[in-house]
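Secondary and tertiary structure notes
Each chain is listed here by its residues.
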Amino acid sequence: MARMLFGDQLGPHFTDDAEDVVLVEAADELTRRPIHRQRAHLFLSAIRHRAAELDVPVHRAESFREALQDKGPLEAVGPTSWAARELADELGWSVLPSRGFVTSEQDFAGWVDGRRRLVMQDFYREVRAREGILMKGPDDPAGGRWNFDHDNREPAPKGHSTLGLPAPWQPQEDEIDEQVRADLDTMAADGVEFLGRDGPRAFAATRTEALEALQDFVAHRLPAFGPHEDAVLTEDPTMAHSLLSVPMNLGLLHPREVVEAVVTAHERDEAPIASVEGMVRQVIGWREWVWHLYWHLGPDYTTSNNHLDAHEPLPAAYWALDGEDVEAACLSHALGRLGEGGWLHHIQRLMVLGNFSLQRGHDPVELTRWFTDAFVDGTEWVMPANVVGMSQHADGGIVATKPYAAGGAYLNRMTDHCGSCAFNPRVRLGEDACPFTAGYWAFLDRVESRIRANHRMKQPLAGLARLADREDVVEQERNREHW
């Protein structure tokens with residue numbers, strides 16, 4: 001039986017040496033809504049490179065259904081979205097268990113059974129212990145602690161524009177990329193809208209490239225990853241981050257490979273425990289967690305949750321992916337960088353873009369779609385729990401125990417943006433009032449009745465009650481035209 005490979009199943013662990021492999025380019029994946037130009041390029045490049053490696057054709061059609069309707073029975077490794085699984089059921093495919101993760105859906109179902117609350121840290125410990133990852137004994141984590149997050153919150157180093165690390169590995173484009181770019185140029189000329197700008201392919205699109213990217217990270221950035229993992233420097237877009245979410249989400253790298261590589265570096269005294277544990281937690285903690293939550297929470301999770309009653313449309317600057325007309329330095333930088341490269345690290349996503357949207361009451365459904373399409377590593381399963389749950393608290397506390405709202409003081413401590421900004425992070429009222437500082441208090445005022453029962457919000461709400469200029473700040477932010 002022929003094996004269908006979706007565009008996020010391009011590594012060797014999805015083929016089982018199948019002799020007959022089906023790869024599809026569905027035009028509506030690129031045209032039904034605007035996606036980042038570099039995301040489109042990466043998607044097409046990865047599929048075409050895999051087809052060349054396997055010496056099979058790429059079937060092109062308007063949709064997956066049209067491309068596959070005459071192919072007869074197929075088998076597929078568990079598709080990674082509700083829509084793809086529905087298509088597989090409709091077409092009568094033989095569906096194999098999911099791959100590309102350390103834990104199975106059955107593992108997670110067994111772990112969930114009987115639990116009143118789902119906590120990522122509990123799940124992470126369970127996986128670590130069961131798999132023997134960074135463990136000295138059954139209940140004895142390496143370094144004496146399960147979590148080194150407290151050690152990994154150092155601010156951006158003062159007086160430095162970068163961390164001083166080598167530039168990350170970057171692939172060399174080839175004739176396949178040249179043809180992809182020509183095809184996308186034609187689509188754009190024909191009226192297809194893309195987000196962001198074109199640029200050299202910066203991420204792995206083949207298995208060989210993915211392994212090179214992994215080796216480069218372990219050798220050059222892993223040792224420095226932990227301490228400044230939450231910091232932002234204007235001139236250092238990568239910092240010490242791995243950039244491996246892209247090849248993992250394309251299926252080119254298995255997360256177990258990533259974990260084994262970073263743990264081996266620690267065992268060789270080439271990387272400190274805090275950096276290694278932080279990376280391991282991102283991969284087998286958070287990444288596995290949001291994958292399983294996608295299925296556990298159901299297909300209607302994104303559209304049925306709006307706990308904070310947020311309905312504002314995204315601003316034009318988000319869709320333009322251009323910070324030129326945005327005065328807040330952190331927000332301007334994030335939007336501009338995203339437009340140029342299709343990638344930002346987690347703090348810019350959560351505490352700049354997500355934080356701003358949370359404070360301004362942007363619609364969580366629209367925001368989830370935007371995050372999925374504007375980032376080169378966005379997938380249908382990654383973004384719901386990250387955006388609806390973690391970032392926007394739209395699910396009322398299923399994923400995160402409190403809203404991730406923060407004022408300008410946090411951004412001033414963790415980034416180097418505020419010194420050059422038109423706004424003052426210490427000011428909440430007036431011409432130079434920071435839209436994050438003032439926005440934080442206006443946000444609490446707006447959602448107070450919906451978060452009052454949350455014990456973790458008791459102190460912030462007490463601060464709101466003491467705010468002498470509360471009404472003025474709320475009115476200012478309600479009428480703010482520049483941010």
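Just above sits the structure.
Structure report, in brief.

Each value, and the rule that gives it
Residues numbered from 1 in each chain as written. Predicted model: local features only at pLDDT ≥ 70, side-chain atom pairs only at ≥ 80, totals over all residues. Heavy atoms only, no water. Pairing = 2+ DSSP bridges. Helix = DSSP H or I, 4+ residues; strand = E, 2+ residues; numbered from the N terminus. Axes fitted to C-alpha atoms, helices over the stretch in contact; angles between N-to-C directions. Contact = heavy atoms within 4.5 Å. Expected span 1.5 Å × (residues − 1). Buried < 20%, exposed > 50% of the residue type's maximum accessible area, 1.4 Å probe, protein only. Arc of directions from axis to C-beta. Polar contact = N/O pair within 3.5 Å; in protein donor to acceptor, adjacent residues only side chain to side chain. Bend = angle between axes of the 7 residues up to and from the residue. Salt bridge = Lys/Arg side-chain N within 4 Å of Asp/Glu carboxyl O. Core = buried A, V, L, I, M, F, W, Y, C linked by side-chain atoms within 4.5 Å.

Before going further, it helps to examine the sheet that holds strand β2 (residues 21-26). Taken together, five strands build an open sheet; the order of strands is β4-β2-β1-β5-β6 and the sheet is parallel. Because the sheet does not close on itself, it has two edges, and the strands there are β4 (58-61) and β6 (94-96). In this sheet, adjacent strand axes meet at a mean angle of 35 degrees when their direction is disregarded. Examined bridge by bridge, strand β1 (residues 2-5) and β2 share three bridges and lie parallel to one another. Considered in β2, the bridge of Leu5 is made with Leu23. On the sheet, helix α2 (residues 37-54) packs against β1, β2 and β4 and is oriented at approximately 155 degrees with respect to β2.

As a further point, take helix α7 (residues 175-189). Helix length check: α7, at 15 residues, gives a terminal C-alpha distance of 21 Å against a target of 21 Å (1.5 Å per residue), a fit within 8%. All buried positions along α7 are accounted for by Ile176, Asp177, Val180, Arg181, Leu184 and Met187. Seen from one end, α7 has its buried residues packed into an arc of 135 degrees, which puts them on one side. Of the exposed residues in α7, those oriented more than 90 degrees away from the buried face are Glu175, Glu178 and Ala189. Turning to α7, the residues buried within the fold contact α1 (28-31), α2 and β9 (194-195). The N-cap of α7, judged by a side-chain oxygen 3.0 Å from the amide nitrogen of Ile176 a few residues on, is Asp174.

On to helix α12 (residues 273-296). Taking 1.5 Å of rise per residue, the 24 residues of α12 would be expected to cover 34 Å, and the 32 Å separating its terminal C-alpha atoms lies within 8% of that figure. The sharpest bend along α12 reaches about 35 degrees and sits at Arg281. Among the 24 residues that make up α12, 21 are buried, leaving the element largely enclosed by the rest of the structure.

Attention now goes to the pattern of salt bridges. For the coordinates displayed, the defined rule picks out 39 salt bridges. Note that Asp16 is salt-bridged to Arg99, the shortest N-O span being 2.8 Å. Of the two residues, Asp16 is situated in the loop between β1 and β2 and Arg99 in the loop between β6 and α5 (105-112); the sequence distance between them amounts to 83 residues. What makes Arg99 partly exposed here is its relative accessible area of 25%. Note that Glu477 and Arg360 form a salt bridge whose closest N and O atoms lie 2.7 Å from each other. Of this pair, Glu477 sits in helix α22 (residues 470-478) while Arg360 sits in helix α16 (residues 346-360), placing them 117 residues apart in sequence. If you follow the salt bridges from partner to partner, you end up with Arg37, Glu173, Arg181, Asp185 and Asp198 in one network.

Here we come to the environment of Phe194. Along the chain, the position of Phe194 falls in strand β9. Sequence separation between Phe194 and His307 is 113 residues; the distance between their C-alpha atoms is 31 Å.

Among the nonpolar cores identified, the biggest contains 118 residues, and Val280, Leu331, Leu353 and Trp370 are the most heavily contacted of them. When residues of this core are assigned to their parent elements, the largest contribution, 13 residues, is made by α12. Apart from residues no more than four positions distant in its own chain, Leu331 is found in contact with Tyr318, Val326, Val352, Leu353, Phe356 and Trp483. Formed by 16 residues, the second largest nonpolar core is a distinct cluster that contains Val22, Phe64, Ala67 and Ala88.

It is worth stressing that arrangement in space is one thing and function is another; only the former is reported here.
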